[in-house]
Amino acid sequence: MRERPGHGGRPGPREGTVRLPDGRTLAYAEYGDPAGRPVLGCHGSPSSRLERHVEDPEDYRRWGVRFVVPDRPGFGRSDPQPGRRVTDWPGDVATLLDSLGIDEFSVLSLSGGAAYALACAHAFDSRVRSVGVLGGAPPPDVPWPWPGWVPRRLRAVAHRPSPAAALMRPVFAPLAQRPEAIPGYL
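Below: a short report on this structure. If you're wondering where the values come from, they're calculated on a predicted model, not measured in any experiment.

1. A look at the pattern of salt bridges
Right, on to step 1. Within the structure shown, the criterion is met by 13 salt bridges.
Right, on to step 2. Salt-bridge contacts for Arg-77 lead to Glu-15; the nearest nitrogen and oxygen are separated by 3.6 Å. Taken as a pair, Arg-77 in the loop between strand S5 (65-70) and helix H2 (89-100) and Glu-15 in strand S2 (residues 11-19) lie far apart in primary sequence, 62 residues in all.
Right, on to step 3. You can call Glu-15 buried: its relative accessible area is 2%.
Right, on to step 4. Asp-98 is the salt-bridge partner of Arg-127, the closest N and O atoms lying 3.7 Å from each other. Here the residue Arg-127 occupies a position in the loop between helix H3 (114-124) and strand S7 (128-134), and Asp-98 occupies one in helix H2, the gap between them amounting to 29 residues.
Right, on to step 5. Among the charged side chains, a salt-bridge network with shared partners connects Glu-15, Arg-49, Asp-71 and Arg-77.

2. What to know about the nonpolar core
Generally speaking, a soluble globular protein has its nonpolar side chains buried in company with each other.
Right, on to step 1. Grouped together as the largest cluster of nonpolar side chains are 23 residues, with contacts concentrated most on Leu-40, Cys-42, Trp-89, Val-93, Leu-96, Phe-105 and Val-107.
Right, on to step 2. At the level of elements, strand S3 (25-32), strand S4 (37-42), H2, strand S6 (105-110) and H3 are the ones that each hand at least two residues to this core.
Right, on to step 3. Here this core takes six residues from H3, the largest share from any one element.
Right, on to step 4. Beyond its immediate stretch of four places on either side in the chain, Cys-42 contacts Arg-72, Trp-89, Val-107, Leu-108, Ser-109, Leu-110, Gly-113, Tyr-116 and Ala-117.
Right, on to step 5. If you look at the next biggest cluster of nonpolar residues, it comprises eight residues, including Ala-29, Val-39, Val-54 and Val-65.

3. Concerning the packing of H2 against H3
Right, on to step 1. It is at 9 Å that the axes of H2 and H3 come closest, and there the two elements cross at 70°. In terms of orientation, H2 lies roughly perpendicular with respect to H3. Residues Trp-89, Pro-90, Val-93 and Ala-94 of H2 form the contact with H3, whose own contacting residues are Tyr-116, Ala-119, Cys-120, Ala-123 and Phe-124.
Right, on to step 2. Its residues placed into classes, the contact of H2 with H3 shows nine nonpolar, no polar and no charged.

Calculation rules
Residues numbered from 1 in each chain as written. Predicted model: local features only at pLDDT ≥ 70, side-chain atom pairs only at ≥ 80, totals over all residues. Heavy atoms only, no water. Salt bridge = Lys/Arg side-chain N within 4 Å of Asp/Glu carboxyl O. Helix = DSSP H or I, 4+ residues; strand = E, 2+ residues; numbered from the N terminus. Buried < 20%, exposed > 50% of the residue type's maximum accessible area, 1.4 Å probe, protein only. Core = buried A, V, L, I, M, F, W, Y, C linked by side-chain atoms within 4.5 Å. Contact = heavy atoms within 4.5 Å. Axes fitted to C-alpha atoms, helices over the stretch in contact; angles between N-to-C directions. Parallel < 35°, antiparallel > 145°, perpendicular 65-115°, else oblique. Nonpolar A, V, L, I, M, F, W, Y, C, P; charged D, E, K, R; others polar.

What follows is the structure, given as structure tokens:
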């Protein structure tokens, strides 16, 4: 694990990677007190382990928190996992937490990380002490049932994590969202 410089010369996050059982690499960052209360961060979409959570990252240390934020598959420095589902995420998280020696933990999510936080709460059951969902939203790669008038190539681009997709989603996705399509994605 290495430490990278933070904002204004302050220490940045400690970063590392773990090898998952299927051979993929999972990247993560840790903020705060290494001996503090563990909190798993589920970043928004599209984003990464480096998503800005607080103005001063030293706040985690002052609060006695060990904030661990992994990159989901295909984000940041984590390898993609073609065909992944939200319910696959806790398996990756279990490998990370076990490698870090973390048993009980809390989960905090932002926006598109909400489904992943809730999947962890369900999968880990009593290991999860509490769950926080801030501005919860479905992940942007939920297979929206787009209306026929939206060109197929535009629909394909909107399902890929990218800045362009992030700009298009608020315009088109609300027109096509059908809640009955979401359980198939989970």
